[in-house]
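Examining the three-dimensional arrangement
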Amino acid sequence: MKKVFFLFALVSMLSFNACETDFDVTAEWKDITVVYGLISQNDSVHYVKINKAFLGEGNALTYAQEADSASYLNNLEVRIIEKAGSTETRSFNLDTTTLFNKEEGIFYAPEQVVYKASFKVPADYVNKDYTYHLEIKNKITGKVITAQTPLVHDFAVETPRPGQQSINFTAESNQRVKWFSAKNGRRYNVSVRFWFDEVIGPGRDTLARSIDWNFSSAKSVSVQGGESMELLYSPASFFTVCKSLIPYKSGDEFSENDVVSRLVNRVEFLFAVSGDELNTYMEVNEPSSGIVQEKPDYTNIENGIGLFSCRYLKSTETPSVKMRIGPSTEERLINENLKFVKKIGN
């Protein structure tokens, strides 16, 4: 079930005719489970973040820095149930694991405890239309939290055409990326990943490196699939992005002085597709452009709050198809003073 709700907080001191009333803003504690998880057929390991809302006397920022304030410790049973239609096909118990890559901020870092399950989505997921159901049970209170999501299906890309061997970014007019929407997909973030090789240091080590050129996003009208979609891009922007992202900056692993030369390699077009629920969550949390700044919170979690949805990452690159950089683009990169040199055979 989808729920859109508004949370209002009122903290005030009222005085009238020398009469003063104090309000205790620390209400009676209530167990609120906060859940975030995404399922993708690209992944073999799936993570779900589960925390509890916390409340206490004193500074909330101090509580946020304590892991125990938001953790259920070992008091949860968590599983993901795979279904084909209404038939349960598999079930996976999730175990806790600690990640160490959380950036510092209001909440405790860098450690964070998440729930992990290892499984691959079956290859026939399109024909059987699998859905994935999350079930969380509090072993102390008996409270059960649930959510479910379908999968974003694969889809066809029309432009760049399948099997295209090379590409140039020297055209003066805008170019198109064209594709057909995926079933259960709603938002499409498109980017180009440019791969190149760097010859580093006196040892002349050759390292592979890439940068991402991000386009705008597009949204399908429905999640039924088969809708013709496209985005326009300016090819000249490729060189602007290269000049901004390729040179090493202070604090990077290498410096520009370490780079002897660079060689063009290939590009791939990437489509990061968000499911319907994930798209709605992103829309709700986008910056407000109007006068009214109060925004609703969105959740599709039953008996809790948060998000459980799907995503899919598609690349135009396959084991047999690599889209190399064309000669005219290579020549311009050489003239941009980015240390690119002519690649033999290009």
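Anyway, here's the lowdown on the structure attached to this text. (Residues numbered from 1 in each chain as written. Predicted model: local features only at pLDDT ≥ 70, side-chain atom pairs only at ≥ 80, totals over all residues. Heavy atoms only, no water.)

So, on to the sheet that holds strand β14 (residues 175-180). Taken together, the three strands give an open sheet; going across it, the order is β12-β14-β17, and neighbouring strands pair in antiparallel fashion. Here the strands that pair on one side only, and so sit at the sheet edges, are β12 (157-159) and β17 (228-233). Taken pair by pair, the neighbouring strands of this sheet meet at an average axis angle of 20°, ignoring direction. Pairing geometry for β12 and β14, over two bridges, is antiparallel. Bridge pairing in β14 places T159 opposite K178. (Pairing = 2+ DSSP bridges. Helix = DSSP H or I, 4+ residues; strand = E, 2+ residues; numbered from the N terminus. Axes fitted to C-alpha atoms, helices over the stretch in contact; angles between N-to-C directions.)

Once that is clear, we can look at the sheet that holds strand β6 (residues 76-84). Taking strand neighbours across the sheet as the criterion, the four strands line up as β7-β6-β10-β11 in an open arrangement whose pairing is antiparallel. Each edge of the sheet is formed by a strand with only one pairing partner; in this case those strands are β7 (87-93) and β11 (144-149). The average angle at which neighbouring strand axes cross in this sheet is 20°, direction not considered. Alignment of β6 against strand β10 (residues 130-138), held across nine bridges, turns out to be antiparallel. Bridge pairing in β10 places A84 opposite Y130.

It is worth stressing that arrangement in space is one thing and function is another; only the former is reported here.
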